[in-house]
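Chain by chain, the residues:
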Amino acid sequence: MQGASRDSIAAARERLDALAQSTGADMPVLAEDLHSVVLLLDRTVVLRRVLTDPARSGESRAAFLAQLLDGQIGGETADLLGGLVRARWSRPRDLVDAIDELSIEAELIGADRDGSLDDLEDELFRFGRIVAGQRELRSTLADPSITDGRKAELVSGLLEGRVRPVTRRLVTRLVAHPRSRSLEAGLEAYARLAAERRRRVVALVTVALPLTEEQNTRLAAALGRIYGRQVHLNVEIDAEVIGGVRVQIGDDVIDGTVATRLEEAGRRLVR
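Residues numbered from 1 in each chain as written. Predicted model: local features only at pLDDT ≥ 70, side-chain atom pairs only at ≥ 80, totals over all residues. Heavy atoms only, no water.

### Brief notes about the environment of S5
- Tracing the backbone shows S5 in helix α1 (residues 3-22).
- The exposure class assigned to S5 is buried, which follows from its relative accessible area of 0%.
- Along the backbone, S5 and R93 are 88 residues apart, and their C-alpha atoms lie at a distance of 9.9 Å.
- When residues no more than four places from it in sequence are discounted, the contact partners of S5 are R88, W89, S90, R91 and D94. (Helix = DSSP H or I, 4+ residues; strand = E, 2+ residues; numbered from the N terminus. Buried < 20%, exposed > 50% of the residue type's maximum accessible area, 1.4 Å probe, protein only. Contact = heavy atoms within 4.5 Å.)

If you want it as structure tokens, here you go:
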């Protein structure tokens, strides 16, 4: 987001955090309320334009939305949405994207409250790797002839009893209503928001064999010193690296694998 929208989403995040800290609001319920509004606005272009129309006052826009949603959402959600529609947005679509992001944030806050945010991050990461590694499942989820609702039922059934409820809700929601995102892009967005919630970065670590707890701790600490922030490790096992470690954080890659060193040695011999 740019300009006014960037400032408005930052302010909305602060209001959500304040709401979570000052009340006992049920975060999953709040998230579901916000998601229902996203679905409504995604379907209605005219409504998006009305709620972001700079020719109307913020109070007028907020009153209109409150009347439209009266009795359909909780009080905390109504207050949060009121602040959102009073704000300025560079594009009508930015308002919807902001509500969608806050819906995800609310789920993350709930997971953070009950101490399961680490588990949520790990489960989202593992699910992404499962999809990447299973051609049939990947093809099914990408098949345009299968409805998003049917795909969501498939994923929900696949995850039932295997992950935390919050993980199942987020993944199922992403599959049922992708909002022009691929599954991979949606999962990456979840990981980014979860990392921001922890004020840390996420490192994709590729190794030939699982790391011990001590190795995990030492690597995370070393990366934390480099980046000046807490680093969460997502560890991927790949026998082809032979040995060593490959670390990717955003666009940064630290490749100390044996496979890479052998490849470089081979290139030098050819020269």
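Next comes the rest of the write-up.
### Some words on the packing of α1 against helix α6 (residues 92-113)
- The contact between α1 and α6 brings their axes to 10 Å, and the two run at 30°. As summarised for this structure, α1 and α6 are arranged roughly parallel, according to the angle between their axes. Relative to α6, α1 is oriented so that their crossing is right-handed. Along its contact with α1, which presents S5, I9, A12, R13, L16, D17 and A20, the element α6 presents D94, A98, E101, L102, E105, A106, I109 and R113. (Axes fitted to C-alpha atoms, helices over the stretch in contact; angles between N-to-C directions. Parallel < 35°, antiparallel > 145°, perpendicular 65-115°, else oblique. Left-handed = near helix turned anticlockwise from the far one by under 90°.)

### Focus on the pairing of strand β3 (residues 245-249)
- Two elements, β3 and strand β4 (residues 252-255), share 4 bridges in a ladder whose sense is antiparallel. The residue of β4 that forms the bridge with V247 is I254.
- Connecting β3 to the antiparallel partner β4 that follows it, the hairpin turn spans 2 residues, and G250 within it adopts a positive phi of roughly 60°. (Pairing = 2+ DSSP bridges.)

### Section: the packing of helix α2 (residues 27-43) against helix α5 (residues 75-86)
- Two numbers describe how α2 lies on α5: the axes approach to 9 Å, and their chain directions differ by 50°. By the angle class used here, α2 and α5 are oblique. For the crossing formed where α2 meets α5, the hand is right-handed. Only E76, T77, L80 and L81 of α5 make contact with α2, whose side of the interface consists of L30, D33, L34 and V37.
- Classifying every residue of the contact of α2 with α5 gives 5 nonpolar, 1 polar and 2 charged. (Nonpolar A, V, L, I, M, F, W, Y, C, P; charged D, E, K, R; others polar.)

### Section: the packing of aromatic side chains
- Across all of its chains, the model carries 0 aromatic pairs by this definition.
- Positioned above the aromatic ring of F64 is the side chain of R56, whose terminal nitrogen or guanidinium carbon lies 5.5 Å from the ring centre. (Phe/Tyr/Trp six-rings, centres within 6.5 Å; stacked < 30°, edge-to-face > 60°. Lys NZ or Arg CZ within 6 Å of the ring centre and 35° of its normal.)

### Section: the side chain of S8
- Mapping S8 onto the fold places it in helix α1.
- Residue S8 is classed as buried on the basis of its relative accessible area of 8%.

### Section: unusual backbone geometry
- Look at R179: it is not a glycine, yet its phi comes out positive at around 55°.
- Here R179 shows up in the loop between α10 (165-176) and α11 (183-198).
- Note on R179: relative accessible area 15%, which makes it buried.
- Located in the positive-phi region is S180, a residue other than glycine, with phi close to 65°.

### A closer look at the pattern of salt bridges
- Overall, the coordinates contain 21 salt bridges when judged by the stated rule.
- Across the pair R197 and D17 runs a salt bridge whose closest N-O atoms are separated by 3.0 Å. Of this pair, R197 sits in helix α11 while D17 sits in helix α1; the two residues are 180 residues apart in sequence, bridging distant segments of the chain.
- The exposure class of D17 is partly exposed, given its relative accessible area of 22%.
- Between D42 and R179 there is a salt bridge, and its shortest N-O distance comes to 2.7 Å. (Salt bridge = Lys/Arg side-chain N within 4 Å of Asp/Glu carboxyl O.)

Geometric values such as these leave the question of function open.
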